Protein chains: 4
Amino acid sequence: MIRVGIYGATGYTGMELVRILQRHPGAEIAFVASQSQAGKTLRQVFPAAPALPLIAGAEAPLDEVDVAFLCLPHAAAAETAVVALAAGVRVIDLSADFRLRDAAAYAHWYAHTHPAPELLAEAIYGLTEVCRADLPGARLVANPGCYPTSVLLALRPLLLSNVPLAGPIITDSKSGVSGAGRTPSQTSHFVEVADNFSPYKIGRVHRHLPEMEQAIGWWRASAPPLVFSPHLLPVPRGILSTIYVTLGADATEANLRALYGDAYAGEPFVEVLPAGELASLAHVTYTNRCAIGLTLVGRTLILTSAIDNLIKGAAGQAVQNMNVMFGCAETAGL
Amino acid sequence: MIRVGIYGATGYTGMELVRILQRHPGAEIAFVASQSQAGKTLRQVFPAAPALPLIAGAEAPLDEVDVAFLCLPHAAAAETAVVALAAGVRVIDLSADFRLRDAAAYAHWYAHTHPAPELLAEAIYGLTEVCRADLPGARLVANPGCYPTSVLLALRPLLLSNVPLAGPIITDSKSGVSGAGRTPSQTSHFVEVADNFSPYKIGRVHRHLPEMEQAIGWWRASAPPLVFSPHLLPVPRGILSTIYVTLGADATEANLRALYGDAYAGEPFVEVLPAGELASLAHVTYTNRCAIGLTLVGRTLILTSAIDNLIKGAAGQAVQNMNVMFGCAETAGL
Amino acid sequence: MIRVGIYGATGYTGMELVRILQRHPGAEIAFVASQSQAGKTLRQVFPAAPALPLIAGAEAPLDEVDVAFLCLPHAAAAETAVVALAAGVRVIDLSADFRLRDAAAYAHWYAHTHPAPELLAEAIYGLTEVCRADLPGARLVANPGCYPTSVLLALRPLLLSNVPLAGPIITDSKSGVSGAGRTPSQTSHFVEVADNFSPYKIGRVHRHLPEMEQAIGWWRASAPPLVFSPHLLPVPRGILSTIYVTLGADATEANLRALYGDAYAGEPFVEVLPAGELASLAHVTYTNRCAIGLTLVGRTLILTSAIDNLIKGAAGQAVQNMNVMFGCAETAGL
Amino acid sequence: MIRVGIYGATGYTGMELVRILQRHPGAEIAFVASQSQAGKTLRQVFPAAPALPLIAGAEAPLDEVDVAFLCLPHAAAAETAVVALAAGVRVIDLSADFRLRDAAAYAHWYAHTHPAPELLAEAIYGLTEVCRADLPGARLVANPGCYPTSVLLALRPLLLSNVPLAGPIITDSKSGVSGAGRTPSQTSHFVEVADNFSPYKIGRVHRHLPEMEQAIGWWRASAPPLVFSPHLLPVPRGILSTIYVTLGADATEANLRALYGDAYAGEPFVEVLPAGELASLAHVTYTNRCAIGLTLVGRTLILTSAIDNLIKGAAGQAVQNMNVMFGCAETAGL
């Protein structure tokens, strides 16, 4: 039985983690921590949650757990990771702290010095389908961002192929509101979001951009530039990325579909959709799956990629990573 | 041309007032004031608004207006009313400050001393259909609360009739989220509201309860007690009150419908629905109307009453009051 | 391993049943049948479903199953029940066909002669918390309606107590749209439902009314009349019933809460909420639970009762019944 | 006073037209026609509509009107146009029948022979900002499609400029559900749409594609190919198109913004947003406006263009066209 601790349990990601782990046959929750709500029970914060006592992070009994999930703001996550690793606890960090391998890039995009740059080289970028072999020995896993998960799973087979690419890679991504977190703000107010739909942080602004560029660079040496346009959808959860890649040579949709079929054959959580079917949120919400559709129009390949941002885009993929790290069935609890 | 000033223009009610007054043929907006956003334009706060400059309330040119609308928090409203009245400006207050005639009741429900108790006797309770005759001479109008508007218009003909009542008057009321205002909070977060539906402040808790009891007392000496159960609907705007009154004697639905038809004959904004039709939000959103349905089941009369909380429940009724105060057509701009 | 067949698998209730049974440790789906979609796979009908082949009901291999779930229209359900029972298969019927014990009442409310009146006496009304002892020996279970589940669980402890009641029992109930089924209609069109909220079938019209009256009659000989007002909520799933019962004598909220606490002590799926907490959809969606809040105002007891209409109100309670019928843990799969 | 007849008044577009014309100071509705609902009043179809009697189209008194609006299915619209024009009535057709100038293209995309090809040369493509000069003398106006309105207004200044273009023009467009019409279907069922988001008809499938290509061809001789990806948003109304155009040479955002500012200077219904502001549905719903944002990322120009699909994308633009045709103020009623 894997003993688990959760830091930052009162956000949407933390809560989703609790929900998944509660029905996980091989894991048990040893503690749930929250800075802002310590002293209450989780049930007092979420009406559908179990009555687990919330403790302050500083009082977490690290000696009672095998792995800690960090659902904390960036910087706070890295500081907690240092403490947990020192106590011999493996860490799955759902913040952005260990996603970028370059401390200077981190400092640029997050506007402060990285709290633990010495750990960057060791952290595994936890797109499970990609890093699976590295997980059993990993001490520290950087769980990918939600937008990057939807985009990178869709792009990877193409980038690793020898299909030439021309023009920019454009990802027009749409996310449900839980992606913005649980802290109230004008932009998450029901009246502002309902009946509305709005792009935001278009251009080179969103912090998930360097994370995606980093992985694209790993997979193809001189890939075209990435254009990333996030939009806010009036739904609680789910991400759909519609990705446009202009190919540098003629191709057939059948060949591209075969390429993707081979790449994801046997994957329990990635579904390459049959011809004529496009990915939608209804394919994936409340599951750990990623659905990928392919449509070729002239030389433009249109990829539609859908995930549940809280599950495959956060808590679900974190548990998928834990499962592989500890030798459980990869699908356990998911 | 009526010259209008609006205090608190950056809330939902203030914004709705601007929208209505912009297309009003007999009124013009002289200033819009906001404590928190002074210095910006209204367009910077609402993307669909005109680019009116927002000034601080203290700098409002009261000598340039005939009437001031107060979309302010309670207490602040009363203080501003004093200043405006002293400057010879008529006041339509959309806060709760002048709704209760009894300063002690106000102090009890609002937990502070009334800032201007000397004005309470003078204030007109501005349910237009009821107070119409008093408006031309009024200096100060207390615009009714949104829930009370939906409930009182539905109850009044019955209360004024000689139909005996038994048992409590129960109003099960449901409101869209704009009724809770624009300040972000956990309870108005999109993810908490969407796909949810929740009662709140059931019992003798909500501040609209004494307002309704006061008017019920005016219309029937010994009315049964009122039970008021508000609920939060996952829609931006609209209130539906389903009201249950157990009659003290047999009656027919046809007679009751005739009673209501007579009471509201000729009213431009109150529609008594035909037999078999129930009020819904779709009858009234984006209008100044109140739709009232009647269904008699045994001795229980079920009234369904729908309004748009921001229009007939706030800004629209305020303009309707202004129209009568200044001798415009009552429907102008509405 | 309980072998299960599902008739009418392509409606919302059927689909929910598949979802639950897929993760049930002690049951396996032997077939899924659909009149309208036979020949397709379930995956072609619901993008998140498994690729089970849909067969015509008439071709269902009844000899391969222990129990059949009927998610069929009324009348069709009773006819299928006869066939299944004759084949030695136990039946859990999610339609209304076996809920009313009186064939004449059925004929009145459903406007046709009951297809199998000889089975009415045998059918167990499957509110699991009530009929638990009868389930192990049952051949035929009438799974309760969604509204009745929310209302009857909330009323039962009070009705069985010696607290005197006065005035009508009023239930103001609000349901998500999946309660109306998957067949497209004007009233379930997104544009008609979104931003709207509407009462419907108020009075003595809705077919769940006699079902509730029947159970109320079982539990208290001369109960007050029931007034039932259903409303359509702009959410996919969930029911909240706000129930008003005027007591015939003074009582304290604490005593009533104790009564309910005793009645549901140890129940895995019924939660009596602590003082001051009201039931909401967020307490129960995506679970098999019923949350019940109590508020006493004067002599009016206000019960708030929430369930997920597709789970505790249909597929979940059906599986809960199956679990007890076959000796599984009652919570298995739920 | 312009006398107006409306065919197909009971769809969303027809209903919006009634709403606009009711408050139009220079027009009056002479008749509303509906094939399916003739004999009822409009109020019986829409609870917020006036009680206008619905007549059969064949019985419409064409001698009493100056202009007919056709909110009919394609083919039926062209047939009615022939009748109305023969009666000396000017026609504004909101269907697709007169948008494509080439009868062969029409036959290809709409799968039947054009009912009135002799009128195609005469029909004005009614993007008001573009065709304004031709409207006073026009007998027949083809009101543009909703998607094309959002895309073409955003592209036109660029296409008419001398900025070179490279790569495809990609428009990732998202529409509210009213764009799909009022006829119930599985894809417009509330439960299928709410909490979902889905692309559809991606590739060379959607009938608005040739309409956009035709106009693009008018404005730039050898424009890059157009890629059009429509998506269904869980909102009742509004379209946002996010359009990606890769330029063939370096440019500055300021220069491009100036180009757009000049193109739309003085336009009452097109707003070019200031630097840093992106178009959203909240800019435009319930108005006749089109909001256009510009963001340059490397050599990719990202245009965000928002309209209300029922107003600027249909009924509002139709009235705008009528206003110019009959010499009213262009903004009258809007």
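The rules behind the values
- Residues numbered from 1 in each chain as written.
- Chains lettered and ligands numbered in written order.
- Predicted model: local features only at pLDDT ≥ 70, side-chain atom pairs only at ≥ 80, totals over all residues.
- Heavy atoms only, no water.
- Helix = DSSP H or I, 4+ residues; strand = E, 2+ residues; numbered from the N terminus.
- Buried < 20%, exposed > 50% of the residue type's maximum accessible area, 1.4 Å probe, protein only.
- Contact = heavy atoms within 4.5 Å.
- Areas by Shrake-Rupley, 256 points an atom, 1.4 Å probe, with all protein chains shown as cover.
- Lys, Arg positive; Asp, Glu negative; His and termini not counted.
- Charge placed at Lys NZ, Arg CZ, Asp CG, Glu CD.
- Buried area = accessible area lost by both parts, 1.4 Å probe.
- Polar contact = N/O pair within 3.5 Å; in protein donor to acceptor, adjacent residues only side chain to side chain.
- Nonpolar A, V, L, I, M, F, W, Y, C, P; charged D, E, K, R; others polar.
- Phe/Tyr/Trp six-rings, centres within 6.5 Å; stacked < 30°, edge-to-face > 60°.
- Lys NZ or Arg CZ within 6 Å of the ring centre and 35° of its normal.
- Least-squares fit on C-alpha atoms with pLDDT ≥ 70 in both.
- Expected span 1.5 Å × (residues − 1).
- Patch = residues over 30% accessible without salt bridge, like charges linked within 9 Å, V, L, I, M, F, W, Y side chains within 5 Å.
- Salt bridge = Lys/Arg side-chain N within 4 Å of Asp/Glu carboxyl O.
- Domains from an automatic or database assignment.

I'm lost on the overall build of chain A in this one. Help?
A count of helical and extended segments in chain A gives ten helices and 14 strands. The burial tally for chain A puts 63% of its 334 residues in the buried class. Counting only contacts in chain A whose residues sit at least 6 apart along the sequence, the fraction spanning at least 24 positions is 68%. When the accessible surface of chain A is split by element, carbon and sulfur atoms take 53% of a total near 11000 Å². Once the 22 positive and 27 negative side-chain charges of chain A are each reduced to a mean point, those two points are 3 Å apart.

Looking at this structure, I do not really get the interface of chain C and chain B. What am I missing?
Of the residues lining the interface, 35 residues belong to chain C; the matching set on chain B comes to 35 residues. Its largest share of buried area at the contact with chain B, chain C owes to Phe197(C), Ile202(C) and Tyr244(C), together 19% of the area lost on that side. Summed over the shared surface of chain C and chain B, the result is 16 residue pairs in polar contact (both at pLDDT 80 or more). Mapped by element, the contributors of at least two residues to the side of chain C that touches chain B are strand E8 (165–175), strand E9 (198–199), strand E10 (226–232), strand E11 (239–247), strand E13 (290–297) and strand E14 (300–307) of chain C. Residues that form the side of chain C that touches chain B fall into these classes: 19 nonpolar, eleven polar and five charged.

Looking at this structure, I do not really get the packing of aromatic side chains. What am I missing?
Each pair of aromatic rings is reported with the distance of its centres and the angle of its planes. Per the counting criterion, the structure on display carries 22 aromatic pairs over all chains. When the ring of Tyr7(B) is compared with that of Phe31(B), the centres are 5.4 Å apart and the planes differ by 85°; the resulting orientation is edge-to-face. Taken together, the positions of Tyr7(B) in strand E1 (residues 2–7) and Phe31(B) in strand E2 (residues 27–33) put the pair 24 residues apart, joining distant regions of the chain. This pair shows no difference in class: Tyr7(B) is buried, exactly as Phe31(B) is. Above the face of the Phe46(A) ring, Arg182(A) is positioned so that its terminal group lies 4.3 Å from the ring centre. Over the ring of Phe326(B) we find Arg90(B), and its NZ or CZ is 4.6 Å from the ring centre.

Looking at this model, I keep getting lost on the relation of the copies chain D and chain A. Mind explaining?
What connects the two chain copies is a rotation about an axis and a shift along it. Note on the identical chains: chain D maps onto chain A by a rotation of 180° and an axial translation of 0.0 Å, with an RMSD of 0.0 Å. What the superposition gives is, in effect, a two-fold axis relating one chain to the other.

Explanation requested: helix H6 (residues 146–160) of chain B in the structure shown.
Each turn of an α-helix holds 3.6 residues, which means side chains three or four residues apart point in the same direction. For H6(B), which comprises 15 residues, the first-to-last C-alpha distance of 21 Å matches the rise-based estimate of 21 Å (1.5 Å per residue) to within 8%. Among the 15 residues in H6(B), 13 count as buried, and that is most of the element.

Hey, could you run me through a positive patch on the surface in this one?
Among the surface-exposed residues, Arg19(A), Arg23(A), Arg19(C) and Arg23(C) lie close enough to one another that they form a single positively charged patch. Structurally, Arg19(C) is set in helix H1 (residues 12–22). Arg19(C) gets classed as partly exposed once you look at its relative accessible area, which sits at 35%.

Any chance you could explain the interface of chain D and chain A here in plain terms?
It is common to report an interface's size as the accessible area lost on association of the parts. Of the residues lining the interface, 36 residues belong to chain D; the matching set on chain A comes to 35 residues. For the pairing of chain D and chain A, the buried interface totals around 2700 Å² over both sides, and the portion due to carbon and sulfur atoms is 74%. Linking chain D with chain A are two salt bridges, by the criterion used here. Between Asp172(D) and Lys174(A) there is a salt bridge, with the nearest N and O atoms lying 3.0 Å from each other. Run the count over chain D and chain A and you get 16 residue pairs in polar contact (both at pLDDT 80 or more). Elements represented by at least two residues in the side of chain D that touches chain A include exactly strand E8 (165–175), strand E9 (198–199), strand E10 (226–232), strand E11 (239–247), strand E13 (290–297) and strand E14 (300–307) of chain D. No other element matches the five residues that E8(D) contributes to the side of chain D that touches chain A. Of the residues belonging to the side of chain D that touches chain A, the class tally is 19 nonpolar, twelve polar and five charged.

Where do I start with the domain arrangement of chain A in this structure?
Residue and element names in this part refer to chain A. Annotation of chain A at the domain level lists domain 1 (2–122) and domain 2 (147–309). Measuring from the centre of the C-alpha atoms in domain 1 to the corresponding centre in domain 2 gives 27 Å. Tallying the contact residues gives twelve residues for domain 1 and 14 residues for domain 2. The junction of domain 1 with domain 2 conceals about 1200 Å² of combined surface from both sides, 52% of it contributed by carbon and sulfur atoms. Considering only the surface of domain 1 that becomes buried against domain 2, Tyr12, Arg99 and Trp109 emerge as the three largest contributors, covering 50% of it. Taken together, domain 1 and domain 2 are joined by two salt bridges. Between Arg99 and Glu211 there is a salt bridge, with its nearest N and O atoms 3.4 Å apart. Our count for the domain 1 to domain 2 interface comes out at seven residue pairs in polar contact (both at pLDDT 80 or more). Elements supplying a minimum of two residues to the side of domain 1 that touches domain 2: helix H1 (12–22) and helix H4 (103–110). Among the residues forming the side of domain 1 that touches domain 2, the class breakdown is six nonpolar, two polar and four charged.

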